[in-house]
Amino acid sequence: MVLTKAGSILGPIATVLGYVMDILFRFTSSFGVFNVGLCIILFTIVMKTLMIPLTIKQQKTTKLMSVMNPEIQAIQKKYKGKSDQESMQRQNVEIQAVYEKYGTSMTGGCLPLLIQMPILLALYRVIYNIPAYVPSVRVYFDNVVTPLMGQADYAQKLQEITNIATACGGKLDKFDFTNANRLVDMLYKFSTSQWGELQALFPAISDVIGQNAAVERMNTFLGLNMAEAPGWVPSFAWIIPVLAAVSQWFSTKLMSGNQPSTSADAENPMAQSMKTMTTTMPLFSAFICITMPAGLGIYWIATSVVTIIQQLIVNAYMDKVNIDDMIAKNLEKVNKKRAKQGLPPAKVTQNATASLKAIKAEEEKEKAAEEVKKEKIAKQIEESSKYYNTNAKPGSLASKAAMVQKYNEAHDKRK
């Protein structure tokens, strides 16, 4: 872990989110509660609340896709096995027409994800490097680092400091003890006993270290150090990956269970992908929370729990959303853009709900016809076999086969 702020696009986003975390830390501190773990939970609630508009937009797109998918799959089935350029172009044109009919686009469902991804990545940077982004937490470390580096015997005691630090899993072979950020990074992982060892090593500033060592208690939640990873050795810390996996399973199940299903889902890559995610995401969550600092695990669990609550609320809202009204609003927005471009307005060629019902009815009709066909074939085979066996000419191959069959039946009865 290195206390340098994320670069490129994530840098400014992480800085802003760090200030949000700082405000929350100051808020809880005003009530006498100095705890990073609690701030991470509050931070998650705030961020998920701010993302509700994006969540609703994504859910609307998903609901719309559940209506569109049968039509898209019907087009894909129509051109199945045709790989020539003309057929592929026709397929794309027909699929595009479906999107236009419903007032959306092929990239409509990607936009919310594209907006959320930088925010989520920046969130991880903030939680991974709390002191680098939260000034109210960093000040406690600076109160120790500044006088510590100013001690006359600081350079002579670097090996002892290294021994203390390596006890918390630090790899300090090439550690730069002249870099204040690196030193804060090391202290961020210290336990209560390690802070005590540091006090004993520098008795001249023992009081200063003791006064600010409370930062270790700030960084402890439910007895777990937010900067330490649970690791692969079974311990109480494993409660984090277990809770992360369970909460992620409920969250994914809730999201996938809210989507309407059709008989075509067996051939629908999106539906199959959701089923796969229900299994893989909890396992991935457990792996991440075992290998990453506990603070990230707390964030992961809080995110899943808040997502479950949020999803229940969004699901209740989406149940009241009429799909045809949603399409009409989509078309209204599309037509405003088309009007600015001097294009004629787009129109829905048929009622969306009726279209879905018609496709389902057609599927049921095809299924029923297939069953009738199977029954008819089976009856024909039965009648043909009966006629063949009872009307066979003496001495013919058929009569001999019938005799063998009767012999076998009689032999089986004696057994």
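The notes below deal with the structure included here. Worth saying up front: this structure is predicted, and the values here are computed from it rather than measured.

So, the overall build of the chain
When helices and strands are tallied, the chain shows 18 helices and two strands. Relative to its full complement of 415 residues, the chain shows a buried share of 40%. Long-range contacts, defined here as pairs at least 24 residues apart, represent 75% of the contacts in the chain between residues at least 6 apart. On the chain, roughly 24200 Å² of surface is accessible, and the fraction owed to carbon and sulfur atoms is 62%.

What about unusual backbone geometry?
With a phi angle near 55°, Leu222 is a residue other than glycine that sits in the positive phi range. Relative to the helices and strands, Leu222 is located in the loop between strand E1 (220-221) and strand E2 (224-225). A relative accessible area of 64% places Leu222 in the exposed class.

Describing the environment of Ala286
Topologically, Ala286 is positioned in helix H14 (residues 269-291). Through-space distance from the C-alpha of Ala286 to that of Val242 is 6.3 Å; in sequence the pair is 44 residues apart. Dropping the residues within four chain positions of it, Ala286 is found in contact with Pro241 and Ala245.

Let's talk about the pattern of salt bridges
Per the counting criterion, the structure on display carries five salt bridges. Residue Glu94 is joined to Lys78 by a salt bridge in which the shortest nitrogen-to-oxygen separation is 3.2 Å. Pair noted here: Glu94 is in helix H4 (residues 85-101) and Lys78 is in helix H3 (residues 52-78), with a separation of 16 residues, a long-range link. Using a relative accessible area of 25% as the deciding quantity, one classes Glu94 as partly exposed. Lys157 is paired through a salt bridge with Asp153; the nearest N and O atoms lie 2.8 Å apart. Overall, Lys157 belongs to the buried group, its relative accessible area being 18%.

Things to note about the nonpolar core
Residues Leu187, Trp195, Leu198 and Phe202 are the most contacted members of the largest nonpolar core, which totals 58 residues. It is helix H15 (residues 294-319) that contributes the most residues to this core, six residues altogether. Sequence-distant contacts of Phe202, defined by excluding residues within four places in its chain, comprise Leu148, Gln151, Asp153, Tyr154, Lys157, Ile161 and Ile209. Counting 18 residues, the second largest nonpolar core, distinct from the first, contains Leu64, Met65, Val98 and Ile323.

Structural notes on the packing of aromatic side chains
If you walk through the whole model with that rule in mind, you get seven aromatic pairs. The interplanar angle of 75° and the centroid separation of 5.1 Å between the aromatic rings of Phe27 and Phe31 together place this pair among those described as edge-to-face. Since its relative accessible area comes to 60%, Phe31 is described here as exposed. Look at Phe141 and Tyr188: their rings are 6.1 Å apart centre to centre, the planes differ by 65°, and that puts the pair in the edge-to-face class. With Phe141 in helix H7 (residues 135-149) and Tyr188 in the loop between helix H9 (180-187) and helix H10 (192-201), this pair connects stretches of sequence that are 47 residues apart. Comparing Phe141 with Tyr188 shows no difference in burial state: the two are buried. The ring of Phe202 carries Lys157 above its face, with NZ or CZ at 5.0 Å from the centroid.

Criteria and cut-off values
- Residues numbered from 1 in each chain as written.
- Predicted model: local features only at pLDDT ≥ 70, side-chain atom pairs only at ≥ 80, totals over all residues.
- Heavy atoms only, no water.
- Helix = DSSP H or I, 4+ residues; strand = E, 2+ residues; numbered from the N terminus.
- Buried < 20%, exposed > 50% of the residue type's maximum accessible area, 1.4 Å probe, protein only.
- Contact = heavy atoms within 4.5 Å.
- Areas by Shrake-Rupley, 256 points an atom, 1.4 Å probe, with all protein chains shown as cover.
- Salt bridge = Lys/Arg side-chain N within 4 Å of Asp/Glu carboxyl O.
- Core = buried A, V, L, I, M, F, W, Y, C linked by side-chain atoms within 4.5 Å.
- Phe/Tyr/Trp six-rings, centres within 6.5 Å; stacked < 30°, edge-to-face > 60°.
- Lys NZ or Arg CZ within 6 Å of the ring centre and 35° of its normal.

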